[in-house]
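# Understanding the architecture of this molecule
If you want the building blocks of each chain, they are given just below.
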2 protein chains.
Amino acid sequence: MNIAYYNGKFLPKDEIRISPDDRGFLFADGVYEVVRWYNGFFYDMPGHMTRLGNSMRELRLQWTDSGSFPSIAEELIKKNDLAGTPAMVYLQVTRGAARRTHHFPSPGIDPTVYSYAWGFEPDTESKEKGIKVMLKEELRWSRCNIKSIALLPNTLSYQEATEFGYKECIFVRNRLITEGSHSNFFAVIDGALYTHPESNNILSGITRNNVLRIAAEAEIRVREEAIPENKLRFATEAFITNTSAEVTPVIEVGGNTIGTGAPGALTKIISDRFASETSALRR
Amino acid sequence: MNIAYYNGKFLPKDEIRISPDDRGFLFADGVYEVVRWYNGFFYDMPGHMTRLGNSMRELRLQWTDSGSFPSIAEELIKKNDLAGTPAMVYLQVTRGAARRTHHFPSPGIDPTVYSYAWGFEPDTESKEKGIKVMLKEELRWSRCNIKSIALLPNTLSYQEATEFGYKECIFVRNRLITEGSHSNFFAVIDGALYTHPESNNILSGITRNNVLRIAAEAEIRVREEAIPENKLRFATEAFITNTSAEVTPVIEVGGNTIGTGAPGALTKIISDRFASETSALRR
């Protein structure tokens, strides 16, 4: 039986029921985080907490007890016997339940806080062999830096990608590569590692930010510059990052092979260093 | 006690509880409609049904029994003793509850269908005196023609408007006026009635479409052309339309007075004709 967290209580996930007046259900008026448990520790929980704070500030969500999330997450790992396995914890905070109005409820109401954990099976095949991704004209809003639950554009795009046999959909806005439907995108061009800079057009990925740090530590040249779509053909390597995919090589973009069609050398250096950090956490 | 509809059953609204796995709650993966009851009939129910079908098709939502909505809506009016008053019925259809994945659940699952009714108090003061609206750079996605529940951008924008004392937020995309956060926008320039043409950038409003018909019947010149923001200063009249506001005059946009600062003559003609249609329904 999965034990989840809901508004201050731990209870069986099956018993949690959301009000149909919840603004998460009616308006996508909420934010979320997904953190990863590496058999002993959460990877970069401070990074996730900072981003959660940023997303909540953008929406002016008031969860005064948000600082309790790390201990909620640990408790969910314990209560679900996940301490010794790879696992994930999902957190969602919405503005709460109130009579339906486009403006915020006034006076303010308590937010809805929901969190649950599950055992996680890493996709090792994709990490070893690399994946093919599709390209699609950006269709999302202009505040992709907010980790909101308004994910309809992401799900529609990812669904389209999977139906064409791709493992991710990468967006192009004004001819520049932004990011994937639920990942950040990197490419190696002329020996330098490129990724879209932080802006309203991408989510500040936790894995992205750690990869940038790791690349710098490995003395790889890093350029936080958007890649024009028509420069992709010069890429010798590419990869995506997110909390579940970590560093997953990309061997084909929009039907065009990247480099030799196999995971690249710099990708491997970064991926190995990332893996050693996450296994180091186990000690 | 409010009686609502949930997945085939009528039951007290307070007893309805949505699963936290519902894709409406996690991904904004759903669509909605709001229909208006005029003391005896729903206004343009066929228009709402066609749009619901379009939205569902865009999301590939499968609610095979969607044709039953008109009778569900009437039943809600009856069960809540609203037959003799102005009322609204809200309908939301989501992809349903399933393990959280960005792609659609496979195999498919049953959608979540939720509907409820409430007595409605028209905002006669705004309709008589007109309203002030703000202008804001468009921040929504590129598929605003879908009436989806991914309304976070709309709520944030409308909240901003209300805090500045405005009654609506009108969006500007690439220097062209698109529509409001939950209304369509019209302006009279050189004696012709302008509104943004149907496209991915606006919702095909039911009131909008009826107003265009009514304007043509009244032999008002109609131009379905986007108004450049810098042409707004030539507007002698403006109004917004939606199911609850019907035809509500706009007397100020972004701090600039429209015309004389009072509701305009063509606006009144259209508004009066709209009112006579909706009161005719009562007969």
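Up top is the structure these notes are about.
Along every chain, residues carry numbers that run from 1 in the direction the sequence is written. Written order determines the labels here, with chains lettered from A and ligands numbered from 1. Where local features are concerned, this predicted model is filtered to residues with pLDDT of at least 70; where side-chain atom pairs are given and counted, the filter is 80 or more; whole-chain, interface and lining totals use all residues. The basis for the side-chain values is all heavy atoms of the structure; hydrogens and waters are excluded.

## Concerning the interface of chain A and chain B
Much of the literature gives interface size as the accessible area that the parts lose upon coming together. Residues count as neighbours in contact if any of their non-hydrogen atoms are within 4.5 Å of one another. Each side of the interface is counted separately: chain A has 50 residues, and chain B has 50 residues. Once two parts are brought into contact, the accessible area they lose, counted with a 1.4 Å probe and summed over both, makes up the buried area. Counting each side, the surface lost to burial between chain A and chain B is near 4,300 Å², with a carbon and sulfur contribution of 65%. Of all residues in chain A, Phe25(A), His102(A) and Leu152(A) give up the largest surface area on contact with chain B, accounting jointly for 18% of the area buried on that side. For this document, the term salt bridge refers to a Lys or Arg side-chain nitrogen within 4 Å of an Asp or Glu carboxyl oxygen. Joining chain A to chain B, the criterion identifies four salt bridges. Of the charged contacts, one joins Arg60(B) and Glu163(A) as a salt bridge, the two residues approaching to 2.8 Å between their closest N and O atoms. Identification of polar contacts relies on pairs of N or O atoms within 3.5 Å, with a donor-acceptor requirement for protein atoms, meaning one able to donate a hydrogen and the other able to accept it, and with residues adjacent in sequence counted only if both atoms are side-chain atoms. Linking chain A to chain B there are 15 residue pairs in polar contact (both at pLDDT 80 or more). To qualify as a helix, a DSSP run of H or I must reach at least 4 residues; to qualify as a strand, a run of E must reach at least 2; elements of each kind are numbered from the N terminus. Of all the secondary structure elements, the ones that give two or more residues to the side of chain A that touches chain B are helix H1 (23-27), strand E4 (86-94), strand E5 (112-119) and helix H5 (152-163) of chain A. Per-element tally for the side of chain A that touches chain B: the top contributor is H5(A), with nine residues. Throughout, the ten residues Ala, Val, Leu, Ile, Met, Phe, Trp, Tyr, Cys and Pro are labelled nonpolar, Asp, Glu, Lys and Arg are labelled charged, and all others, Gly among them, are labelled polar. Here the side of chain A that touches chain B is composed, by residue class, of 22 nonpolar, 15 polar and 13 charged.

## Focus on the sheet that holds E4(A)
Residues and elements named next belong to chain A. If you trace the five strands from one edge of the open sheet to the other, you get E2-E1-E5-E4-E3, paired in antiparallel fashion. Strand pairing shows two members of the sheet lacking a second neighbour, strand E2 (9-12) and strand E3 (30-38), which therefore form its edges. Pairs of neighbouring strands in the sheet enclose a mean axial angle of 20 degrees, with direction left out of account. DSSP bridges decide pairing: two strands pair if at least two such bridges lie between them. Here four bridges tie strand E1 (residues 3-6) to E2, and the two strands are oriented antiparallel to one another. Residue pairing for E2: Ile-3 is matched across the bridge by Pro-12. In this analysis an axis means a line fitted to C-alpha atoms, helices contributing only their contacting stretch, and an angle means the value between N-to-C directions, from 0 to 180 degrees. Of the strands in this sheet, E3 and E4 are in contact with helix H2 (residues 45-59), which crosses E3 at around 175 degrees. Along the sheet face, helix H3 (residues 69-79) touches E1, E2, E3, E4 and E5 and points at about 135 degrees away from the line of E4.

## Here's the deal with the packing of aromatic side chains
When two rings of Phe, Tyr or Trp (its six-membered ring) have centres within 6.5 Å they constitute a pair, described as stacked for plane angles under 30 degrees, edge-to-face for angles over 60, and tilted for the intermediate range. A full pass over the atoms with the stated rule returns 20 aromatic pairs over all chains. Consider the rings of Trp37(A) and Phe42(A), whose centres lie 4.8 Å apart with planes at 65 degrees: the pair is edge-to-face. Just as Trp37(A) is buried, Phe42(A) falls in that class too. Put simply, the rings of Phe25(A), Tyr32(B), Tyr90(B), Tyr114(B), Tyr116(B) and Trp118(B) pair up and form one aromatic cluster. Taking NZ or CZ as reference, Lys13(A) lies 4.9 Å from the ring centre of Tyr116(A), over its face. For a lysine, the NZ atom is tested; for an arginine, the CZ atom; a charge sits over a ring if that atom is within 6 Å of the ring centre and within 35 degrees of the ring normal. A cation sits over an aromatic face here: Arg95(A) above Phe104(A), 3.5 Å from the ring centre. Accessible area is worked out with a 1.4 Å probe on protein chains only. A residue is then buried under 20% of its type maximum, exposed over 50%, and partly exposed in between.

## Observations regarding the side chain of Lys136(B)
All names here are of chain B. Topologically, Lys-136 is positioned in strand E6 (residues 131-137). Within polar-contact distance, the side chain of Lys-136 engages the side chain of Glu-160 at 2.7 Å. The residues touching Lys-136, leaving out its near neighbours within four places in the chain, are Ser-157, Glu-160, Cys-169, Ile-170, Phe-171 and Val-172.

## A word on the pattern of salt bridges
In the structure shown here, the tally under the stated rule is 42 salt bridges over all chains. Here Lys136(B) ties to Glu160(B) by a salt bridge, and the two come within 2.7 Å at their closest N and O atoms. With Lys136(B) in strand E6 and Glu160(B) in helix H5 (residues 152-163), this pair connects stretches of sequence that are 24 residues apart. A salt bridge links Glu179(B) to Arg140(B); the nearest nitrogen and oxygen atoms lie 3.0 Å apart. With Glu179(B) in strand E8 (residues 176-180) and Arg140(B) in the loop between E6 and H5, this pair connects stretches of sequence that are 39 residues apart. Residue classification places Arg140(B) among the buried positions, given a relative accessible area of 7%. Each of Glu138(A), Arg140(A), Arg173(A) and Glu179(A) takes part in a single network of salt bridges with overlapping partners.

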